[in-house]
Amino acid sequence: MQTKSIDFSKYSSFKIGPKVNVDLLDLHTKDLKSHYLIGACNNVLISNNPPPLLMLGKDFDYIQLKDHTLCIGAATPSGKIASFCKKHNIANFEFLSHLPGKLGGLIYMNAGMKEYEIFNHLQTLQLLSGSYSKEEIEYGYRFTNINEPILEATFDLSYGFEEEKITMFQKMRSNQPSTPSAGSCFKNPPLDYAGRLIEAVGLKGIMKGEICFSPKHANFLVNNGNGNFKDALFLIKEAQKRVYESFGISLELEIKIIDKEYMSYKSSY
């Protein structure tokens, strides 16, 4: 298996993490039990003690028009998909122009912007274990039950790229900070907003080292310089603790925490 050296303090959107060798998945890869699969790392907080990491190789970065469907490799960046759809006048993928990541990661968490979600026009998925229809996958708000590498997806093919949607999605992003972050830290609980709850318990803008919940949008945990994993994790736990004590609401993470000790602790429950 080939490897790639990645400095996560530069590669991840949060600008936190060590420099490690990451294995590259190819079509001949079989044993993945000890690995954690990563993508573009736009929603990841990684420690200096991660498990063995794996990412898709370049063989999975492609877009094809095939049998009246749009066929896309899981390593394809969202911006590349949006540009392809604009060039070929393809509808329903405009939101990807303002949703960073690679296709596999977007599908894994059913990423989206409000009602515009990646599963809306999905047909089938090619996972490491085989092919699955959309109906065979459990999915919902920022959730799927997928627990293995996604290799490829096919989507409904419709024409009519809408340029005005690009402006609409840009406005949706206008209240989000440009400071390095891992995107939305928590999922919004039913009938409420994580950012409102974090602000209500007094954590908006409060610094721990060089990490804070952004003064611009409280559900964005931001790195104001050389922030570290320990301080970021402290604020995550503090927000969950305060919100539960004040409102009885358990904030569920939207970002992924990659750390051997943390992942071992969570898997024991």
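Located above this text is the structure these notes cover.
Residues numbered from 1 in each chain as written. Predicted model: local features only at pLDDT ≥ 70, side-chain atom pairs only at ≥ 80, totals over all residues. Heavy atoms only, no water.

Focus on the overall build of the protein chain
Part 1 of the argument: Helix and strand counts for the protein chain come out as seven helices and 19 strands.
Part 2 of the argument: Considered along the principal axes of its C-alpha atoms, the protein chain spans approximately 55 × 45 × 35 Å.
Part 3 of the argument: Taking all 269 residues of the protein chain together, 47% fall into the buried category.
Part 4 of the argument: Accessible surface computed for the protein chain: about 13,700 Å², of which carbon and sulfur atoms make up 49%. (Helix = DSSP H or I, 4+ residues; strand = E, 2+ residues; numbered from the N terminus. Buried < 20%, exposed > 50% of the residue type's maximum accessible area, 1.4 Å probe, protein only. Areas by Shrake-Rupley, 256 points an atom, 1.4 Å probe, with all protein chains shown as cover.)

Focus on the pattern of salt bridges
Part 1 of the argument: Overall, the coordinates contain nine salt bridges when judged by the stated rule.
Part 2 of the argument: Between aspartate 61 and lysine 80 there is a salt bridge whose closest N-O contact spans 2.9 Å. Residue aspartate 61 is found in the loop between strand 5 (53-56) and strand 6 (63-66), and its partner lysine 80 is found in helix 2 (residues 78-87); the two are separated by 19 residues along the sequence.
Part 3 of the argument: Given the relative accessible area of 39%, lysine 80 is considered partly exposed.
Part 4 of the argument: Linking lysine 187 and glutamate 252 is a salt bridge whose minimum nitrogen-to-oxygen distance equals 3.0 Å. Of the two residues, lysine 187 is situated in the loop between strand 15 (181-184) and helix 5 (194-200) and glutamate 252 in the loop between helix 6 (229-247) and strand 19 (256-258); the sequence distance between them amounts to 65 residues. (Salt bridge = Lys/Arg side-chain N within 4 Å of Asp/Glu carboxyl O.)

Considering the pairing of strand 6
Part 1 of the argument: Pairing between strand 6 and strand 7 (residues 69-73): four bridges, direction antiparallel. Counted as the bridge partner of glutamine 64 is cysteine 71 from strand 7.
Part 2 of the argument: From the end of strand 6 to the start of strand 7, which pair antiparallel, there are two residues, and aspartate 67 there has a positive phi angle of about 50 degrees. (Pairing = 2+ DSSP bridges.)

With respect to the sheet that holds strand 5
Part 1 of the argument: Taken together, four strands build an open sheet; the order of strands is 1-2-5-3 and the sheet is mixed. This sheet does not close on itself; its edge strands, each paired only once, are strand 1 (3-7) and strand 3 (36-38). Taken over all neighbouring pairs, the strand axes of this sheet differ in orientation by 45 degrees on average, direction set aside.
Part 2 of the argument: Bridge count for strand 3 against strand 5 is three bridges, and the pairing is parallel. Bridge pairing in strand 5 links isoleucine 38 to methionine 55. (Axes fitted to C-alpha atoms, helices over the stretch in contact; angles between N-to-C directions.)

Comments concerning the packing of aromatic side chains
Part 1 of the argument: Evaluation of the coordinates by the stated rule reveals six aromatic pairs.
Part 2 of the argument: Seen in terms of ring centroids, tyrosine 116 and phenylalanine 169 are 5.1 Å apart; in terms of plane orientation they differ by 90 degrees. Their pairing is edge-to-face. With tyrosine 116 in strand 9 (residues 116-117) and phenylalanine 169 in helix 4 (residues 163-172), this residue pair connects regions lying 53 residues apart in the sequence.
Part 3 of the argument: Its relative accessible area of 0% is what places phenylalanine 169 among the buried residues.
Part 4 of the argument: A centroid spacing of 4.3 Å and a plane angle of 25 degrees characterise the contact between phenylalanine 119 and tyrosine 139, whose relative ring orientation is stacked. (Phe/Tyr/Trp six-rings, centres within 6.5 Å; stacked < 30°, edge-to-face > 60°.)

Details of the sheet that holds strand 16 (residues 207-208)
Part 1 of the argument: Reading across from one edge, 15-18-17-16 is the order of the four strands in this open sheet, with antiparallel pairing throughout. Since the sheet does not close on itself, it has two edges, and those belong to strand 15 and strand 16, each with one partner.
Part 2 of the argument: Examined bridge by bridge, strand 15 and strand 18 (residues 220-223) share two bridges and lie antiparallel to one another. The residue of strand 18 that forms the bridge with serine 184 is phenylalanine 220.
Part 3 of the argument: Strands strand 16, strand 17 (211-213) and strand 18 of the sheet are contacted by helix 6, whose axis makes an angle of about 25 degrees with strand 17. (Contact = heavy atoms within 4.5 Å.)

By themselves these figures say nothing about function.
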